[in-house]
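Each chain, letter by letter, is given below.
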Amino acid sequence: MKKLIGILLLAIGSPAALLVFPAILFVSPSVLFVSPSAMASEGGVRLDAAPINPTDVISLQSGARTFANYCLNCHSASLMRWNRLMELGLTESQIMDNLMFSGDKVGELMSIAMVRKDAMQWFGAAPPDLSVIARARGADWLYSYMRGFYRDPARPTGWNNAVFENVGMPNPMWQLQGERMRVEHAAKNESAKDGHGGAVAYEMVKPGSLTPVQYDETVRDLVNFLVYVGEPAASSRKQIGIIVLLFLLALWPLAYLLKREFWKDVH
């Protein structure tokens with residue numbers, strides 16, 4: 001029970017967890033986290049692990065380009081400023097010339113011109129802001145979702161998604177991915193089944209401008225960037241956190257010896 005309380009304190013970032021329950025430093029990290037890849041989507045489809053790397057600056061720059069070209073027309077990132085991308089090695093002129101198309105100042109937020117009221121009238125629902133979508137959905141969900149589009153004539157947009165069934169969003173990068181059709185047949189084994197109980201395959205009916213491997217890399221870069229947008233200071237926060245934990249770990253023996261010195265005449 002004490003170990004569990006210590007784990008909870010550590011999970012919410014309380015330094016007291018190390019002083020009160022130092023044994024939790026030796027608890028396996030698997031106790032604290034459940035991999036999103038082990039979870040399934042709304043449709044029961046198992047999510048693919050997103051091969052992202054938050055320290056890969058080239059990937060983040062590529063993801064920023066994809067986001068500006070294919071996502072920012074409908075989706076905003078209103079909690080992120082353009083000049084924050086200078087942390088990724090981009091100059092102010094590169095941001096303005098290659099990523100910004102609305103004439104905004106580089107210090108402004110990543111907003112869109114579309115009015116929410118108009119979006120609800122046109123699409124039935126306003127496209128969500130993507131500032132913290134990676135924190136809300138998880139990188140694995142986004143990676144699987146952007147690779148899960150297929151043609152569905154029964155849908156108003158002509159598109160459907162294996163991860164988010166009957167989603168109202170069409171495939172924004174269909175020219176890159178190509179057009180796929182869903183093919184269902186009797187499953188030969190349980191591992192091939194999806195949420196509908198049948199084996200599902202996707203047949204490419206019209207290739208895109210990218211190969212499947214190249215498209216997966218593009219989606220990986222996009223998801224990597226969305227994870228960065230969700231918390232730009234994540235890398236530095238983790239580095240500072242490790243330093244703080246090591247400091248507290250080194251301070252603990254001194255605090256214990258000081259406690260013994262104060263209480264030696266009492267016992």
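Residues numbered from 1 in each chain as written. Predicted model: local features only at pLDDT ≥ 70, side-chain atom pairs only at ≥ 80, totals over all residues. Heavy atoms only, no water.

### Brief notes about the pattern of salt bridges
Quick reminder of the rule: When a carboxyl oxygen of Asp or Glu lies within 4 Å of a side-chain nitrogen of Lys or Arg, that pair is called a salt bridge.
Within this structure, the stated rule accounts for seven salt bridges. For the salt bridge of Glu261 with Lys264, the shortest nitrogen-to-oxygen distance reads 2.8 Å. Each of Asp48, Arg147 and Asp216 takes part in one network of salt bridges that share partners.

### Quick look at the side chain of Asp221
So the rule is basically this: A run of H or I in DSSP becomes a helix once it reaches four residues, and a run of E becomes a strand once it reaches two; helices and strands are each numbered from the N terminus. The cut-offs for exposure are 20% and 50% of the maximum accessible area for each residue type, with area from a 1.4 Å probe on protein chains only; residues under the lower value are buried, those over the upper are exposed, and the others partly exposed. Under this definition, polar contacts are N or O atom pairs within 3.5 Å; protein pairs additionally need one hydrogen-donor-capable and one acceptor-capable atom, and for neighbouring residues in sequence, both atoms have to be side-chain atoms. In what follows, residue pairs with any heavy atoms lying within 4.5 Å of each other are defined as contacts.
Tracing the sequence through the fold places Asp221 in helix H9 (residues 212–230). With relative accessibility at 7%, the residue Asp221 sits in the buried group. Within the structure, the side chain of Asp221 is placed 3.1 Å from the side chain of Ser62, a separation counted as a polar contact. Residue contacts for Asp221: discarding those within four places in its chain leaves Ser59, Ser62 and Gly63.

### Regarding the nonpolar core
Note that soluble globular proteins tend to have their nonpolar side chains buried in a common cluster. For the record, the criterion: By convention a nonpolar core is built from buried Ala, Val, Leu, Ile, Met, Phe, Trp, Tyr and Cys residues, the set being connected through side-chain atoms within 4.5 Å.
Of all hydrophobic cores here, the largest spans 42 residues; its most connected members are Phe67, Trp82, Leu85, Met110, Phe225, Leu226 and Tyr228. Secondary structure elements with two or more residues in this core: helix H3 (57–71), strand S1 (77–81), helix H6 (133–137), helix H7 (139–146) and H9. Sort the elements by how many residues they give to this core and H9 lands first, with eight residues. In this view, Phe225 contacts Leu60, Gly63, Ala64, Phe67, Leu85, Leu88 and Met110; residues no more than four positions away in its chain are not counted.

### Topic: a nonpolar patch on the surface
Let me state the cut-off plainly: Here the term patch refers to residues with relative accessible area over 30% and no salt bridge, with like charges joined within 9 Å and nonpolar side chains (Val, Leu, Ile, Met, Phe, Trp, Tyr) within 5 Å. Each accessible area is a Shrake-Rupley estimate made with a 1.4 Å probe; only the visible protein chains count as cover when residues are assessed.
On the surface, Phe247, Leu251, Trp252, Leu254, Tyr256 and Leu257 cluster together into a nonpolar patch covering about 620 Å² of accessible area. Summarising the element assignment, Leu251 is placed in helix H10 (residues 234–263).

### Examining the packing of H3 against H9
Applied cut-off: For helices, the fitted axis covers only the stretch in contact; all axes are lines through C-alpha atoms, and the angles between them, taken along N-to-C directions, range from 0 to 180 degrees. An angle below 35 degrees is treated as roughly parallel, one above 145 as roughly antiparallel, one from 65 to 115 as roughly perpendicular, and anything else as oblique. Note that Gly is not counted as nonpolar here; it falls among the polar residues with everything else outside the nonpolar set of Ala, Val, Leu, Ile, Met, Phe, Trp, Tyr, Cys and Pro and the charged set of Asp, Glu, Lys and Arg.
Viewed as axis vectors pointing N to C, H3 and H9 meet at an angle of 95°, and their least axial separation amounts to 7 Å. In terms of orientation, H3 and H9 fall into the roughly perpendicular class. Of the residues in H9, those in contact with Ser59, Leu60, Ser62, Gly63, Ala64, Thr66, Phe67 and Cys71 of H3 are Thr218, Arg220, Asp221, Leu222, Asn224, Phe225, Leu226 and Tyr228. When the residues that make up the contact of H3 with H9 are grouped by side-chain class, the tally is eight nonpolar, six polar and two charged.

### What about the packing of H7 against H9?
How we decide: The hand of a helix crossing depends on one turn: near helix anticlockwise from the far one by less than a right angle means left-handed, and clockwise means right-handed.
Orientation of H7 relative to H9, taken along the N-to-C sense of each, is 145°, at an axis distance of 9 Å. For the pair H7 and H9, the crossing hand works out as right-handed. Between H7, through Ala139, Leu142, Tyr143 and Met146, and H9, the contact on the second element is made entirely by Tyr215, Asp216, Val219, Arg220, Leu222, Val223, Leu226 and Val227. Among the residues forming the contact of H7 with H9, the class breakdown is 10 nonpolar, no polar and two charged.

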